Amino acid sequence: MARTTLSIAPVPNGNRKIQLNGNHFKSAICKKNGYHNKAQKNITSHGASPPCSKQRFQRPESFEQAPMYVAVMTYLGFGIVTLFGYFRDFLRAVGLEKCHIAREREEQKDFVPLYQDFENFYTRNLYMRVRDSWNRPICSLPGPLFDVMERVSPDHNWTFSLTGKTIDNVINMGSYNYLGFAENNADFLKTVEDITQQYGLGVCSTRQEMGNLAIHEELEQLVATFLGVESSMILGMGFATNSMNIPALVGKGCLILSDELNHTSLILGARLSGATIRVFKHNNMQSLERLLREAVCTGQPRTHRPWKKIMIIVEGIYSMEGSVVRLPDIVALKKKYKAYLYLDEAHSIGAVGPTGRGVTELFGLDPSDIDVMMGTFTKSFGAAGGYIAGKKELVDYLRSYSHSAVYSSAMSPPVTEQILRAMKCIMGLDGTTIGLARVQQLAENTHYFRSRLQEMGFIIYGNDDSPVVPILLYMPGKVVAFSRAMLKRKIGVVVVGFPATPITEARARFCLSAAHTKAMLDQVLFDLNEVGDDLCLKFSRRIFSPRPQQHNNNDDADSQIID
Amino acid sequence: MASGQQWVLVEMVQALYEAPAYHLVLEGILILWIIRLLFSKTYKLQERSDLTEKEKEDLIEEWQPEPLVPPMSKDHPSLNYDIVTGPPSHKIIVNGKECINFASFNFLGLLDNERVKQKALTSLRRYGVGTCGPRGFYGTFDVHLELEDRLAKFMKTEEAIIYSYGFATIASAIPAYSKRGDIVFVDEAACFSIQKGLQASRSFIKYFKHNDMEDLERLLKEQEIEDQRNPRKARVTRRFIVVEGLYINTADVCPLPDLVKLKYKYKVRIFLEESMSFGVLGEHGRGVTEHFGVNIDDIDLISANMENAVASIGGFCCGRSFVIDHQRLSGQGYCFSVSASVFQARDTVSVCFSAFVRPGILFLCVSQRLSGQGYCFCVFLSVCQARDTVSLCLPVSFRLGILFLCVSQRLSGQGYCFSVSASVFQARDTVSVCFSAFVRPGILFLCVSQRLSGQGYCFSVSASVFQARDTVSVCFSASVRPGILFLCVCQCLSGQGYCFCVFLSVCQARDTVSLPPCPPCWLLPP
């Protein structure tokens, strides 16, 4: 337990919290992840690595389970909607209800149907009813505030038409704008404008041919310096960085151990590689170690030949859970079993760590312990694209054999310049401390927002350090009601349900940003509190003591808003 | 008899009472033993030998994985990229040396179009650079909707969907429709992103010979026979033909009208990859459908990337709403990737209309990299007027062959030089090329050179024509005769700069007679 007190939170609070953890929440510890209580059980793995003086351990991560009735109600909700779906399909079949779905051409009626009927059941009967909560078009910068375009649907969400009006200054809790680099300040964007003027927008060639601009080289060097590794390679799309590079690293006869909640791009990459894939429970070291032992001892199925390589694929911050990878343990395991580690820092790069270097810095680990460091520029840097970094041999190899490096167009020059600018800002190379201040502001916002939500009684998932904050809503009806109610209160939130999450764990996801001011967060918290009461969303059975000393001026802010 | 029997029973019970305890215990055990033998297996099915912890530790200790990446030679070509400084437009600075750019896919020269840049800057100032969210989660901007709308209108389809990365467009679109068990017929020269899409779809893949419709029909017929054998399976097996409009690997145009015929004959859907042909073929740049005058609704899905002719980033798919809408939930590169940068979306909006409708400087280039054979050649076409290009594009590459046409046009008044090249595979096609290219009066040089690399020698016959009208007649005369006509570009690099020579070699002397005599090449000042 002493480990948790190493966190940034003030020590007295930390102690009290830990006590609560130990006494009240034993029942609430989810099977998925109970790291803060089971930390000491992972002695085997810790024993393998010499304790580093810098090393920081994981902050508490909670996955509180909802009461039983919630799960029952959730299934019931889905059951009712499904029944209605069948009923309406029946009505459509007999022609009592108008079918809005797009039809096959008359000429192609006798072709094999492009979609199986049941494939679209979910879309047709469930998603269509609630479609207005997603794909909301906006017409401004995706900064801390944005303007949402008002849509109306004359036919129950089958089609939308824009009214031409906008809902101005909606607080943006949905974009991955962690460090607030989605900005349009003319002074900041000066260099980007210059590059656009100079180079135009595209490159019209691949890196290997005539698309290797000097600024690409500059960015690759900067990324390597930023991460503290030997070399790096940049690519035009984050998704493709994963899906096209994993196949270059592993292949037939290799084993991929993948976290069950890995992003689609990692799954696609693993699948394209042709390697055997085994999935371990989310962030569960026992599960990972068991798989590793078994893999090394028994070798490949049937032939029992030893595996050529074993690669562990994990993410830094899981975007739907808000959990942070248990990197020190994984590094210890990987060293013990001689596996390779592929770390996807899509959400964590820039967003965590005292100077924004991602999870390696958060845990005080040496970046050279991670074999493949991957990340994207889409989130914290407010641009597009991804990188792969690591040892020089790795990057050189990928440059020659990775699919996307050889065949896809080079990164657009203005985007490259935006990343250069943002990264220099974070590193303080622009001669200011703006970047560092933003990283700290984000950490502050994260801790403040998370602790307030827990106090209010919401069930939130994830690590205390993670700027991704999922609030569990569970029931499908509440998901939609929540999203609509929040938009009415001028707060843009992201809600996700099945199939992106397990069927009983629909949630709203808040992404914090350094650009959010305290007033904005207080406004959001105030509205969340009310909406949470209206919709009965406060499922948590934990008891949190009010901690006024941590955010003493909240009451003032709250009262101002109420006034 | 009855009493006797009774006596035996009594005897037995008595004997049981009288028997000593150890006897009973022994018999009891025996009975249990028999029961156990009856119910247990007589032999062990499998010898189980679990590893002990020690053995496991040893195994873990012993196992040595392969290195993550194999060692590489230091002089691999891809480790030493050429560094380009400055914009990669028609002049390009490679490794500090200024060159004329024959390598970028900047077909329409939109990369350095001032109007596009200004539009992009306006968007940049308004929206910033990144979108910071996938389309579902506040990553849909008004400009995205506008671009989709305008692309759909431009392509005359019901709907269009944009992706943020060209490579991911077709690679995501194919697996959205074609699943495990479905059958995809694909041209063997298909580009890499198609191959990746097919791999991700896990469908059955049948390759047909490049642009060979007979081979495709043979496969379709085989499939038809297969289907008759198993009609239940055939009813749910979707079938697709995946082809490229203009093949990046061979510079051939696909025979679309034949494909459409096959489509209806065998009830297969067509997915058309138009990354190279979009903005290049057809009167307005709508690609192969316009080029052949095929009804665009006959193609189920058209995919193209905007990284070539449009000189931006991203890609799009268009077709009927019935088809396209599905990708909004099933296209992985669409759902799970952050949406295209707005300023790029924005400039594309203006591009689509401005570029294709009004005449402007239009460049076409196809770069083909045959890495297997270790060499690279580029085919280019640049024309001064869009109208000329339209007809120029038409004859590009109907047939496989090695034939290049190139035209260099020098506008001395303006002091700079365009070069036009196209690969043409039939003499007949060349006629129309020349015809259209030289309608404008000006100082024109046309020449053809034929290089027979197999025989290791090169000969050239050149002609220079000073009036457009002459050229027309030249070309006509040249092609009236059936003969092999080769057009080729010979590029001489002299120390101080570049000079371009364009040659025309005609096999028939008779045709050449009417041409004015001329030196074999002209040295153009750099």
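Refer to the structure printed above.
Worth saying up front: this structure is predicted, and the values here are computed from it rather than measured.

**Notes on unusual backbone geometry**
Residues and elements named next belong to chain A. Unusually for a residue other than glycine, Arg302 sits at a positive phi of about 65 degrees. Inspection of the secondary structure assignment puts Arg302 in the loop between α10 (285-298) and β8 (310-315). On the basis of relative accessibility, which here comes to 79%, the residue Arg302 falls in the exposed class. One non-glycine residue with positive phi stands out, namely His304, at about 60 degrees. Position of His304 relative to the elements: it lies in the loop between α10 and β8.

**Side note on the nonpolar core**
Counting residues in hydrophobic clusters, the biggest one holds 141 residues, and the most contacted among them are Phe449(A), Phe482(A) and Phe510(A). For this core, the leading source of residues is helix α15 (residues 413-427) of chain A, giving 8 residues. Not counting chain neighbours up to four residues away, the residues in contact with Phe510(A) comprise Met173(A), Phe449(A), Pro467(A), Val468(A), Val469(A), Ile471(A), Phe482(A), Val493(A), Val524(A) and Leu528(A). Judged by nonpolar contacts, the second largest core, of 54 residues, contains Ile162(B), Ile183(B), Tyr266(B) and Val294(B).

**Things to note about the interface of chain B and chain A**
Contact residues are listed per partner, giving 108 residues for chain B and 111 residues for chain A. For the pair chain B and chain A, the two sides together bury roughly 9900 Å², of which 64% comes from carbon and sulfur. Where chain B packs against chain A, one counts 6 salt bridges. For Glu104(A), the salt bridge is made with Arg269(B), and the minimal N-O distance between the two is 2.7 Å. Viewed at the interface, chain A and chain B are joined by 42 residue pairs in polar contact (both at pLDDT 80 or more). Here the side of chain B that touches chain A takes 10 residues from helix α4 (residues 114-127) of chain B, the largest share from any one element. When the residues that make up the side of chain B that touches chain A are grouped by side-chain class, the tally is 52 nonpolar, 28 polar and 28 charged. Note: strand β2 (residues 137-138) of chain A against strand β4 (residues 140-141) of chain B, 2 bridges, orientation parallel. When the bridges of β4(B) are listed, Pro137(A) appears paired with Thr140(B).

**What to know about the packing of helix α16 (residues 434-456) of chain A against helix α18 (residues 518-534) of chain A**
All names here are of chain A. Running from N to C, α16 and α18 point in directions that differ by 20 degrees, and their axes come no closer than 11 Å. Judged by the angle between their axes, α16 and α18 are roughly parallel. Considering the relative orientation of α16 and α18, their crossing is right-handed. Across from Asn445, Tyr448, Phe449, Arg452, Leu453 and Met456 in α16, the residues of α18 making contact are Lys518, Leu521, Asp522, Val524, Leu525, Leu528 and Asn529. A class-by-class count of the residues in the contact of α16 with α18 yields 8 nonpolar, 2 polar and 3 charged.

Calculation criteria
Residues numbered from 1 in each chain as written. Chains lettered and ligands numbered in written order. Predicted model: local features only at pLDDT ≥ 70, side-chain atom pairs only at ≥ 80, totals over all residues. Heavy atoms only, no water. Helix = DSSP H or I, 4+ residues; strand = E, 2+ residues; numbered from the N terminus. Buried < 20%, exposed > 50% of the residue type's maximum accessible area, 1.4 Å probe, protein only. Core = buried A, V, L, I, M, F, W, Y, C linked by side-chain atoms within 4.5 Å. Contact = heavy atoms within 4.5 Å. Buried area = accessible area lost by both parts, 1.4 Å probe. Salt bridge = Lys/Arg side-chain N within 4 Å of Asp/Glu carboxyl O. Polar contact = N/O pair within 3.5 Å; in protein donor to acceptor, adjacent residues only side chain to side chain. Nonpolar A, V, L, I, M, F, W, Y, C, P; charged D, E, K, R; others polar. Pairing = 2+ DSSP bridges. Axes fitted to C-alpha atoms, helices over the stretch in contact; angles between N-to-C directions. Parallel < 35°, antiparallel > 145°, perpendicular 65-115°, else oblique. Left-handed = near helix turned anticlockwise from the far one by under 90°.

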